[in-house]
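Results of the structural survey
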Amino acid sequence: MHRLVRRGSLAMPKDNDSPFLLDQHKRGLQNLDRMARYPKTAPVDLAIVGAGAGGLVLAQRLARAGWKIVVFEKGPFWDPDRDWVSDEAGSHPLYWTDKRIIGGSDPVEMGKNNSGQGVGGSMTHFAGYTPRFHPSDFEVRTRDGVAVDWPISYWDLKAYFERVERELPVAGQDWPWGDPHTYPHGPHPIAGAASVAWRGALAHGVEMRAGPVAITNGSFGNRPHCIYRGFCLEGCKVNAKASPLITHLPDGIEHGVEVRADSMVVRVEVNDAGDRVTGVTYVHEGREEFQPADAVAVCGYAIESPRLLLYSTSRRWPNGLANDHDQVGRYVMVQGATQVAARFPTELKMYKAPPPEVSSEDFYETDESRGFARGFSIQTIGPLPIEWAAHVLADGHWGAALREYMRDYNHWTVLGVLCELLPAPDNRVTLAGERDRYGMPVARFDYSLGENDKKNIAFGTRILEEIWEGADAQETLKIDRYAHLVGGCRMGFTPEDSVVDSSHKAWGIDNLFVVDGSVFATQGAANPALVIMALADRCADLLKGKRSTAAA
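Below is a short write-up of the structure. For every chain, the first residue of the written sequence is number 1, and numbering continues from 1 onward in sequence order. Since the coordinates come from a predicted model, pLDDT governs what is reported: local features require at least 70, and pairs of side-chain atoms require 80 or more to be given and counted, while whole-chain, interface and lining totals use all residues. In computing side-chain values, all of the structure's heavy atoms are included and hydrogens and water are not.

**So, the overall build of the chain**
Formally: In this description a helix means any DSSP run of H or I spanning at least four residues, a strand means any run of E spanning at least two, and both kinds are numbered starting from the N terminus. Two things to know: the radius of gyration comes from C-alpha atoms, and the globule rule equals 2.2 Å times the number of residues to the power 0.38. Buried residues are those whose accessible area, probed at 1.4 Å on protein chains only, stays under 20% of the maximum for their type, while exposed residues exceed 50% and partly exposed ones sit between those limits. The contact rule is simple, with two residues in contact once any of their heavy atoms fall within 4.5 Å.
When its secondary structure is counted, the chain shows 13 helices and 19 strands. Its C-alpha atoms give the chain a radius of gyration of 22 Å, within 12% of the compact-globule value 24 Å for 552 residues. For the chain, the C-alpha atoms occupy an extent of roughly 70 × 55 × 50 Å along the three principal directions. The buried share among the 552 residues of the chain stands at 63%. Summarising the internal contacts of the chain: among those between residues at least 6 apart in sequence, 75% fall at separations of at least 24.

Here's what the structure looks like:
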């Protein structure tokens, strides 16, 4: 029996008019003149800190339910026509580059790979890759005896995965791993670089699929088909790649969301008893302001959410909000993201496509014969020339050798792994003694690999090298790196083991929520964007009936 699959224009989302609120010829938001402007003297229903994957989905959903919402964002309100350029160096403002201190035995580089600023958050410059978590990701302790279980299951999120996939929309082949499923749009065509990787994978017995990417394959409302310009990581100039700036905020604005850009929240304030938050203090144009709110949702991601909670001290919370048990800032995770590049005699032009063209989750689940728990995924990568130069430098080449590798750029292609690294309590965010321009303590992030992590990365790297051998590569280069910060305010079963409960509510404070990647209990071997958006969608469903002020 053949099942009818609703794809392309038949899969338009319900209860989100964002694709039609965009202009056919202008890429910036055209309804900003209709954006709400709430007074600073009266409480709104919800103040959201951070305009990224969690914050803007949550805002759009609750605005549809009649909530009055203000979203605060440290960075600017982006206009793709005005602000985004087809240039790596010119895209520097997209990244959160404020000072952070790193430490531990395996410190993680901060900057463009692990942060974003401006309305839309990190998804304005993510690669577009949007796989789901597997059912096993929520039951790691039960299934594999490591890390922890989540207090929710895959099945609690499945309907939200499906809804967000329709909204982005996600394009890809039918997906055989985890919970097998289809995607709203068919897969994008495969370019030369990805086809070579696919050939090598097949020779090694590794199954590959095209996608899933949150990039239109065909028109979608007033959003155009992807034109394969190759600058996904620099902000999609044509709005073919999804980010909440274009997939959720236009509809949110129509239903009463206000976004205050260039506004850095520095404290979440509480009442005298310390059992309820009262609003947020933020800095705009050098001045501190206060916005009262009936509830606050912190959506600043894995470094900034813990930093804000830790700095929001009071008589009741001397060590930071929701931090009675010293859990805020702990269990921050990254993924091992080693990349191996390969040279071939033909020109491959790896920049001429979305970076994650084909991928595999053959190694995602635990296989005891490998000698470690959990696993990894494999993806094609398409670094542009500046990033390629960093790759070559990391392999030890300089001077004349570097110049030769740069001249040879079009003959190279890259595969990467995303290895699931396990949570550890001492991998954490704390507050340093130094202060930033807003008067907040600078964040310090310490990270060290465990033995299971090292074995996972080593095995994944070897698989990449074997795939290139199967493709008859002439030469390979390797770079060790990390990607995708999550954790720091994890979701759990009790106040002793976590920061928020299964509904995203902070322990001990009934009207404080954390809705971003910091709540991840484990991180899987999948990119986190889709998971964050699905969590925010579910959180909004849980909150819709709890609005405390009358609709107006």
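That was the structure; now back to the text.
**Points about the packing of helix 2 (residues 53-64) against helix 13 (residues 529-543)**
For clarity, the cut-off: Lines are fitted to the C-alpha atoms to define the axes, a helix being fitted only along its stretch in contact, and any angle between axes, read from their N-to-C directions, falls within 0 to 180 degrees. Left-handed describes a crossing in which the near helix is turned anticlockwise from the far one by less than a right angle; the clockwise case is right-handed. Put simply, Ala, Val, Leu, Ile, Met, Phe, Trp, Tyr, Cys and Pro go in the nonpolar bin, Asp, Glu, Lys and Arg in the charged bin, and everything else, Gly too, in the polar bin.
At a minimum axis distance of 8 Å, the contact between helix 2 and helix 13 shows a crossing angle of 35°. In this structure, helix 2 meets helix 13 at a crossing whose hand is right-handed. Touching Ala53, Gly54, Val57, Leu58, Arg61 and Leu62 of helix 2 are Ala529, Ile532, Met533, Ala536, Asp537, Cys539, Ala540 and Leu543, all from helix 13. By residue class, the composition of the contact of helix 2 with helix 13 is 11 nonpolar, one polar and two charged.

**A closer look at the packing of helix 5 (residues 154-167) against helix 13**
Selection rule: Oblique is the label for every angle not falling under 35 degrees (roughly parallel), over 145 degrees (roughly antiparallel), or within 65 to 115 degrees (roughly perpendicular).
Here helix 5 crosses helix 13 at 110°, and the two axes come no closer than 8 Å. When the interaxial angle is binned, helix 5 and helix 13 end up roughly perpendicular. In this structure, helix 5 crosses over helix 13, and the sense of that crossing is right-handed. Each of Asp156, Leu157, Tyr160, Phe161, Arg163, Val164 and Glu165 in helix 5 lies in contact with helix 13, whose residues at this interface are Leu530, Val531, Met533, Ala534, Leu535, Asp537, Arg538 and Asp541. The residue inventory of the contact of helix 5 with helix 13, partitioned by class, reads nine nonpolar, no polar and six charged.

**Considering the nonpolar core**
Our working rule: What makes a nonpolar core is a set of buried Ala, Val, Leu, Ile, Met, Phe, Trp, Tyr and Cys residues whose side-chain atoms join them at distances within 4.5 Å.
Ranked by size, the top nonpolar core spans 173 residues in total, and within it Leu58, Leu249, Ile378, Leu512 and Phe520 carry the most contacts. Per-element accounting of this core gives the leading share, 11 residues, to helix 13. If sequence neighbours within four positions are ignored, Phe520 has contacts with Phe133, Trp150, Met333, Val486, Gly487, Arg490, Pro528, Val531, Ile532 and Leu535.

**A closer look at helix 5**
One turn of the α-helix equals 3.6 residues, which is why residues spaced by three or four share an orientation. Where we set the bar: Working rule for helices: expected span equals 1.5 Å times residues minus one. N or O atoms within 3.5 Å of each other form a polar contact, as long as, within protein, one can give a hydrogen and the other can take it, and as long as residues adjacent in sequence are counted only when both atoms are side-chain atoms.
Over its 14 residues, helix 5 runs 20 Å from end to end, which matches the ideal 20 Å to within 8%, given 1.5 Å per residue. Tucked into the core, helix 5 has its buried residues touching helix 2, helix 7 (244-247) and helix 13. N-cap assignment for helix 5: the residue whose side-chain oxygen lies 3.2 Å from the backbone N of Trp155 is Ser153.

**Let's talk about the sheet that holds strand 6 (residues 263-270)**
The cut-off we apply is this: Following DSSP output, two strands are said to pair if at least two bridges run between them.
If you walk across this open sheet you meet the three strands as 6-7-8, and the pairing is antiparallel. Taken across any chain shown, the strands that pair with only one partner, and hence form the sheet edges, are strand 6 and strand 8 (287-292). Across the sheet, the mean angle from the axis of one strand to that of its neighbour is 25°, orientation sign disregarded. For strand 6 and strand 7 (residues 277-284), the ladder comprises seven bridges, and the chain directions are antiparallel. Residue pairing for strand 7: Ser263 is matched across the bridge by His284.

**Comments concerning the pairing of strand 2 (residues 69-72)**
Our working definition: By definition, the crossover connecting two strands over a helix is right-handed if that path, from the first strand to the second, turns clockwise as seen with the strands pointing away from the viewer.
Taking every second residue as pointing to the same face, both faces of strand 2 are buried, with Ile69 and Val71 on one and Val70 and Phe72 on the other. Alignment of strand 1 (residues 46-49) against strand 2, held across four bridges, turns out to be parallel. Among the inter-strand pairings, Val49 is bridged to a residue of strand 2, identified as Phe72. Taking the sense of rotation as the criterion, the β-α-β connection linking strand 1, helix 2 and strand 2 turns out right-handed. Direction of pairing for strand 2 relative to strand 5 (residues 257-260): parallel, over a ladder of four bridges. Within strand 5, the position partnered with Val70 by the bridge is Glu258.

**Describing the pattern of salt bridges**
Formally: Here, a salt bridge means any side-chain nitrogen of Lys or Arg that lies within 4 Å of a carboxyl oxygen of Asp or Glu.
Counted by the stated rule, this structure contains 41 salt bridges. Residue Arg307 is joined to Glu304 by a salt bridge in which the shortest nitrogen-to-oxygen separation is 2.9 Å. A residue pair is termed a helical-turn pair when its members lie 3 or 4 positions apart in one helix, as Arg307 and Glu304 do in helix 9 (residues 301-311) at three residues. Arg307 gets classed as buried once you look at its relative accessible area, which sits at 3%. The shortest N-O distance in the salt bridge between Glu347 and Lys349 comes to 4.0 Å. In the salt-bridge network here, residues are joined through shared partners; they are Asp137, Asp144, Glu365, Arg374 and Glu420.

**Remarks on helix 13**
Here helix 13 is 15 residues long and its end C-alpha atoms lie 21 Å apart, about the 21 Å a rise of 1.5 Å per residue gives. Within helix 13, 13 of the 15 residues are buried, leaving the element largely enclosed by the surrounding structure.

**Concerning the packing of aromatic side chains**
The condition that has to hold: Geometry of aromatic contacts follows a simple scheme: Phe, Tyr and Trp rings, the Trp one being its six-membered ring, pair when their centres are within 6.5 Å, and the pair is stacked under 30 degrees between planes, edge-to-face over 60, tilted otherwise.
One pass over the structure, following the stated rule, counts 21 aromatic pairs. Taken together, a centroid distance of 4.7 Å and an interplanar angle of 50° make the contact between Phe72 and Tyr282 tilted. Within this pair, whereas Phe72 is found in strand 2, its partner Tyr282 is found in strand 7, the two being separated by 210 residues in sequence. One exposure class covers both Phe72 and Tyr282, and it is buried. Residues Tyr447 and Tyr482 carry aromatic rings whose centres are separated by 5.7 Å and whose planes lie at 70° to one another, so their mutual orientation is edge-to-face. Highlighted residues: Tyr447 in the loop between strand 16 (441-446) and helix 12 (451-470) and Tyr482 in strand 18 (residues 482-486), separated in sequence by 35 residues. Judged by relative accessible area, Tyr482 falls into the buried class, the value being 16%.

**Overview of the environment of His125**
Relative to the assigned elements, His125 resides in the loop between strand 3 (101-103) and helix 4 (140-144). Linking His125 and Tyr95, residues 30 residues apart in sequence, is a C-alpha distance of 8.3 Å. Separated by 2.6 Å, the side chain of His125 and the backbone oxygen of Ser115 make a polar contact.

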